[in-house]
Amino acid sequence: MRMPALFLSHGAPPLVDDPTWVAQLQELAAGLPRPKAILVASAHWESAPLMLGATSTVPLVYDFGGFAQRYYEVQYRAPGAPALAESVRKLMPDHRTVAQTDRGLDHGAYVPLTVMYPDADIPVLQMSLPTLEPDALLDLGRRLAPLRDEGVLIIGSGFTTHGLPFLRDWRPDAAAPGWSREFDAWAAEALSRGAVDELADFRERAPGMPYAHPTIEHFAPMFLTLGASEDPAQAPAQPIDGFWMGLAKRSFLAG
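The rules behind these values
- Residues numbered from 1 in each chain as written.
- Predicted model: local features only at pLDDT ≥ 70, side-chain atom pairs only at ≥ 80, totals over all residues.
- Heavy atoms only, no water.
- Helix = DSSP H or I, 4+ residues; strand = E, 2+ residues; numbered from the N terminus.
- Rg over C-alpha atoms; globule rule 2.2 N^0.38 Å.
- Buried < 20%, exposed > 50% of the residue type's maximum accessible area, 1.4 Å probe, protein only.
- Pairing = 2+ DSSP bridges.
- 1 Å grid on protein atoms, 1.4 Å probe; cavity = no way out; pocket = protein on both sides within 12 Å on 5 of 7 lines; lining within 4 Å.
- Points joined across faces, edges and corners; volume = space filled by probe spheres on them.
- Nonpolar A, V, L, I, M, F, W, Y, C, P; charged D, E, K, R; others polar.
- Phe/Tyr/Trp six-rings, centres within 6.5 Å; stacked < 30°, edge-to-face > 60°.
- Contact = heavy atoms within 4.5 Å.
- Core = buried A, V, L, I, M, F, W, Y, C linked by side-chain atoms within 4.5 Å.
- Axes fitted to C-alpha atoms, helices over the stretch in contact; angles between N-to-C directions.
- Parallel < 35°, antiparallel > 145°, perpendicular 65-115°, else oblique.
- Left-handed = near helix turned anticlockwise from the far one by under 90°.

1. Let's talk about the overall build of the protein chain
Turning to step 1, where the next piece is worked out: Counting its secondary structure elements, the protein chain contains eight helices and ten strands.
Turning to step 2, where the next piece is worked out: Here the C-alpha radius of gyration of the protein chain, 17 Å, is about what a compact globule of 255 residues would show, namely 18 Å.
Turning to step 3, where the next piece is worked out: Dimensions of the protein chain, computed from C-alpha atoms along their principal axes, come out at roughly 45 × 40 × 35 Å.
Turning to step 4, where the next piece is worked out: Residues classed as buried in the protein chain amount to 57% of the 255 residues present.

2. Details of the pairing of strand β10 (residues 251–254)
Turning to step 1, where the next piece is worked out: Taken together, the three bridges between strand β1 (residues 5–9) and β10 define a ladder with antiparallel strand orientation. Bridge assignment links A5 to a residue of β10, and that residue is A254.
Turning to step 2, where the next piece is worked out: Inspection of the sheet shows strand β7 (residues 237–240) paired to β10 by two bridges, in the antiparallel sense. From the neighbouring strand, A237 faces β10, where its bridge partner is L253.

3. Here's the deal with the layout of surface pockets
Turning to step 1, where the next piece is worked out: Its boundaries defined by the atoms lining it, the largest pocket holds a volume of some 210 Å³.
Turning to step 2, where the next piece is worked out: Residue lining of the largest pocket: 17 residues in total, with A12, F67, H107, H162 and L164 positioned closest to the centre.
Turning to step 3, where the next piece is worked out: Its residues assigned to classes, the lining of the largest pocket shows ten nonpolar, seven polar and no charged.

4. Considering the packing of aromatic side chains
Turning to step 1, where the next piece is worked out: For the coordinates displayed, the defined rule picks out 16 aromatic pairs.
Turning to step 2, where the next piece is worked out: Between F64 and F67, the ring centres sit 5.6 Å apart and the planes meet at 80°, which makes this aromatic pair edge-to-face.
Turning to step 3, where the next piece is worked out: By relative accessible area, which is 15% here, F64 ends up buried.
Turning to step 4, where the next piece is worked out: Summarising the aromatic geometry, the rings of F219 and F223 are spaced 5.8 Å apart at their centres and angled 80° between planes, so their arrangement reads as edge-to-face.

5. A short note on the side chain of S180
Turning to step 1, where the next piece is worked out: The residue S180 is located in helix α5 (residues 178–192) in this model.
Turning to step 2, where the next piece is worked out: Beyond its immediate sequence surroundings of up to four residues, S180 is in contact with T161, F243, G246, L247 and A248.

6. Side note on unusual backbone geometry
Turning to step 1, where the next piece is worked out: With an omega dihedral of 0°, the bond running from A48 to P49 counts as a cis peptide bond.
Turning to step 2, where the next piece is worked out: Tracing the sequence through the fold places P49 in the loop between β2 (37–46) and β3 (50–52).
Turning to step 3, where the next piece is worked out: Each neighbour pair has its own omega, and for M209 with P210 the value is 0°, a cis peptide bond.
Turning to step 4, where the next piece is worked out: Looking at where P210 falls in the secondary structure, it is placed in the loop between α7 (202–205) and α8 (221–228).
Turning to step 5, where the next piece is worked out: One non-glycine residue, A120, lies in positive phi territory at about 50°.
Turning to step 6, where the next piece is worked out: Among the structural elements, A120 can be located in the loop between α3 (107–116) and β5 (124–129).
Turning to step 7, where the next piece is worked out: Residue A120 is classed as buried on the basis of its relative accessible area of 11%.
Turning to step 8, where the next piece is worked out: One non-glycine residue, M245, lies in positive phi territory at about 55°.
Turning to step 9, where the next piece is worked out: In this structure, M245 sits in the loop between β8 (243–244) and β9 (247–248).
Turning to step 10, where the next piece is worked out: With relative accessibility at 14%, the residue M245 sits in the buried group.

7. A few points about the nonpolar core
Turning to step 1, where the next piece is worked out: Core analysis: the biggest nonpolar cluster contains 84 residues, and Y117 and L144 have the highest contact counts within it.
Turning to step 2, where the next piece is worked out: Apart from the residues within four sequence positions on either side, L144 is in contact with L39, V88, L91, M92, M127, I154 and L224.

8. Here we look at the packing of helix α4 (residues 134–144) against α8
Turning to step 1, where the next piece is worked out: Where α4 meets α8, the closest approach of the two axes is 6 Å, and the angle between their N-to-C directions is 40°. Judged by the inter-axis angle, α4 sits oblique to α8. Crossing of α4 against α8: the hand is right-handed. Taken together, the residues of α8 that come into contact with α4 (itself represented by P134, L137, L138, L140, G141, R142 and L144) are F223, L224, L226, G227 and A228.
Turning to step 2, where the next piece is worked out: Of the residues assigned to the contact of α4 with α8, the class counts are nine nonpolar, two polar and one charged.

9. A word on the pairing of β5
Within a regular strand, side chains alternate between the sheet's two faces.
Turning to step 1, where the next piece is worked out: The element β5 is extensively covered by neighbouring structure, given that six of its six residues are classed as buried.
Turning to step 2, where the next piece is worked out: Pairing between β2 and β5: five bridges, direction parallel. Its bridge partner lying in β5, E46 is registered against L129.

Next up, the structure:
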């Protein structure tokens, strides 16, 4: 069965303590076919040329600070995916360099996976974002799309809004600032129309900018997911919405 492609708002490590978000991610995973492997690109790994992470013993990267010690003791011993890494290489054009590293899964990759696939028994490969430009990521997603027919779940992991410098209330249930609500509503409506060109021009078109994304790496993974969809102009399902610490956790499922 052909796997869908996902865009996930991934949250910080305390996501796992939020029963609502945990239930949403669990329900999302339960409704999917079981992946043979997972390919994930996270907002927290930008590197060009395209880099592929560890393919044997997959470690974790605790790329955050200021949290309780227990978040630095989390383990997720997923199998590596060397065959998937080779498939990714073969799908790239001859002129495009694909590099290999032993980098592990950062929190943008493993935090949602610990909830969705807690047994850590599905091979996982993380790849870098080699660019943040929407058109280039749409093209990269199109090149990776055939992996879906091989049972690979492609995940772009970011956050629908990520204006951390402008947050004033850090409680998980904090009211969403106006810029976060406005940007999220705009993104939801554009997705519902399959308006990929408008989404790609979010820096100019979206309300709430630049507060919603003072840097754009957390919105960029969306375009990898849209590129990997069967038809980027077809409205994706949006099974998760709402806010966490005032940030929009909207996630979508592209067919």
